[in-house]
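# Chains, contacts and geometry: an overview
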There are 2 protein chains.
Amino acid sequence: MSVRHTAVTPQAGGAQAAGPCGDDDCGIREVLDRIGDKWTVLVIVELSKGVRRFRELQRAIPGISQRMLTLTTRRLCRDGLVERTVYATIPPQVDYRLTAMGQSLATMVSDLADWSREHKDAIGEARRHWDAAHTE
Amino acid sequence: MSVRHTAVTPQAGGAQAAGPCGDDDCGIREVLDRIGDKWTVLVIVELSKGVRRFRELQRAIPGISQRMLTLTTRRLCRDGLVERTVYATIPPQVDYRLTAMGQSLATMVSDLADWSREHKDAIGEARRHWDAAHTE
DNA sequence: CGGGATCCGAACAGATACTG
DNA sequence: CAGTATCTGTTCGGATCCCG
């Protein structure tokens, strides 16, 4: 997600203005700015299964465009969560794999996924209740 | 976050088109579509400390607008993660508190924050390396 | 194959201004 | 106090074309 965080947008590579960060909140934003976007988690999950090439990732994640896959993997590389290996062959081949830090993040993501599956039904029901009560 | 997920945007309350969800990926999106946005996590963290009124939340989360706080709390209520209590007093008073499900999510979020604090420096250094290598 | 560069519509988030 | 409504800029993501 980079979750459009005006100051910390990864593209510009700007200095982290760090904003008001006196509380304990800032820690969470750091992660969510990385995994909160539309595709990053899916890439991490796929890479947690093993080394993948660019096209393999794209096929494994239905709906992702080349552009978003490029941007996503690049951010992950930049943050040291994914390692990129280029083979100067013809045709070219590029492998992506999680770093140690990336793997530790993958377990967190996996926990989140577990939680999600556990509470999926409850959330769905809560939504139906809410939607029913607010339909007029 | 709703992380702009075209099909699952909460506002429209549209039917969840559910897309291609045969793999194990869909579970994670469910959570991230809720906590991945810019403010939701901060609200959850603040509410994990106890019951809060609207203004208290707004003051506790510097930078959030009334609008975003309203939207965020409403989504959390809709998903059954937060409970809203309205007192018909003058001036009006509204309390927000985490539900049991919301609290279990808060612990997950707390774990994420811990991870973030642990690896913050490593990520920062990885970024500097990457930025240095790609500055030309 | 693995991208880079560009254009463009859509969703989001901030800033008011107004209400009960 | 606790919102709602509207207007507007920014950012994101998809599509397309091109390159090595």
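Structure's up top.
These remarks concern the structure in this document.

The rules behind these values
- Starting afresh in each chain, residues are numbered from 1 along the sequence in its written order.
- Chain letters and ligand numbers both follow the written order, the letters beginning at A and the numbers at 1.
- Local features in a predicted model are, by the rule used here, given only for residues with pLDDT of at least 70; side-chain atom pairs are given and counted only at 80 or more, and totals for whole chains, interfaces and linings are based on all residues.
- Excluding hydrogens and water, the side-chain figures rest on all heavy atoms present in the structure.
- Labels follow the DSSP assignment, with helices taken as runs of H or I lasting at least four residues and strands as runs of E lasting at least two, numbered in each case from the N terminus.
- Relative accessible area decides the class of each residue, using a 1.4 Å probe on protein chains only: under 20% of the type maximum gives buried, over 50% gives exposed, and in between gives partly exposed.
- Two residues qualify as a contact provided that any one of their heavy atoms is within 4.5 Å of a heavy atom in the partner residue.
- Using the Shrake-Rupley algorithm and a 1.4 Å probe, accessible areas are obtained, with residue cover drawn only from the displayed protein chains.
- Note on definitions: salt bridges are taken to be side-chain nitrogens of Lys or Arg within 4 Å of carboxyl oxygens of Asp or Glu.
- Here, any two strands with at least 2 DSSP bridges between them count as paired.
- Only C-alpha atoms enter the line fits that serve as axes; for helices the fit covers just the stretch in contact. Angles between N-to-C directions range over 0 to 180 degrees.
- Angular relationships are summarised with four words: roughly parallel below 35 degrees, roughly antiparallel beyond 145, roughly perpendicular across 65 to 115, and oblique for the angles in between.
- To define a nonpolar core, start from buried Ala, Val, Leu, Ile, Met, Phe, Trp, Tyr and Cys residues and group those joined through side-chain atoms within 4.5 Å.
- To estimate how far a helix should reach, multiply one less than its number of residues by 1.5 Å.
- A residue's bend is the angle separating two fitted axes: one through the seven residues that end there, the other through the seven that start there.

### Considering the overall build of chain A
Helix and strand content of chain A: 5 helices and 3 strands. Reading chain A from its N terminus to its C terminus gives the helix and strand order α-α-β-α-α-β-β-α. Looking at chain A as a whole, 44% of its 136 residues qualify as buried. Across chain A, the fraction of contacts at a sequence separation of at least 24, relative to all contacts at a separation of at least 6, is 53%. Accessible surface, chain A: about 7,300 Å² in total, of which carbon and sulfur atoms supply 52%.

### Remarks on the pattern of salt bridges
Residues and elements named next belong to chain B. Within the structure shown, the criterion is met by 18 salt bridges over all chains. With its nearest N and O atoms 2.5 Å apart, the salt bridge here joins Arg 34 to Asp 79. One end of the pair, Arg 34, is in helix H1 (residues 26-35); the other, Asp 79, is in the loop between helix H4 (66-78) and strand S2 (82-87), with 45 residues separating them in the sequence. Each member of the pair, Arg 34 as well as Asp 79, carries the same accessibility label: buried.

### Side note on the sheet that holds strand S3 (residues 93-98) of chain B
Residues and elements named next belong to chain B. Spatially, 3 strands are ordered S1-S3-S2 in an open sheet, and the strand pairing comes out antiparallel. Edge strands, defined here as strands with exactly one partner in the open sheet, are strand S1 (52-53) and S2. Relative to S3, S2 runs antiparallel, the two sharing 6 bridges. In the sheet register, Thr 85 faces S3, and the bridge partner there is Asp 95. Along the sheet face, helix H2 (residues 40-47) touches S1, S2 and S3 and points at about 90° away from the line of S3.

### Remarks on the packing of helix H4 (residues 66-78) of chain A against helix H5 (residues 100-133) of chain B
Put simply, H4(A) and H5(B) touch, their axes get as near as 8 Å, and they point 115° apart. Between H4(A) and H5(B), the crossing angle belongs to the class labelled roughly perpendicular. In this structure, H4(A) contributes A:Arg74, A:Cys77 and A:Arg78 to the contact, and H5(B) contributes B:Ala126, B:Arg127, B:Trp130 and B:Asp131.

### Side note on the nonpolar core
Counting residues in hydrophobic clusters, the biggest one holds 62 residues, and the most contacted among them are A:Ile35, A:Leu105, A:Trp115, B:Ile35, B:Leu105 and B:Trp115. When sequence neighbours within four positions are dropped, the list of residues in contact with B:Trp115 reads A:Val31, A:Leu81, A:Met101, A:Ser104, A:Leu105, A:Met108 and B:Ile123.

### Re H5(B)
Taking 1.5 Å per residue as the helical rise, H5(B) with its 34 residues ought to reach 50 Å, and the 47 Å between its terminal C-alpha atoms agrees with that figure. Along its length, H5(B) shows its largest kink, about 50°, at B:His119.

### Section: the pairing of S3(B)
Residue and element names in this part refer to chain B. Both S1 and S3 contribute to a ladder of 2 bridges, which runs antiparallel. Bridged to Arg 52 within S3 is Tyr 96. A loop of 5 residues connects S2 with S3, the two strands running antiparallel in sequence.

### A closer look at the environment of A:Arg97
Residues and elements named next belong to chain A. As for its placement among the helices and strands, Arg 97 is situated in strand S3 (residues 93-98). Judged by its relative accessible area of 30%, Arg 97 falls in the partly exposed class. Distance from Arg 97 to Ile 61, taken between C-alpha atoms, is 16 Å for residues 36 residues apart in sequence.

Fair warning: the whole summary comes from geometry, so function is off the table for now.
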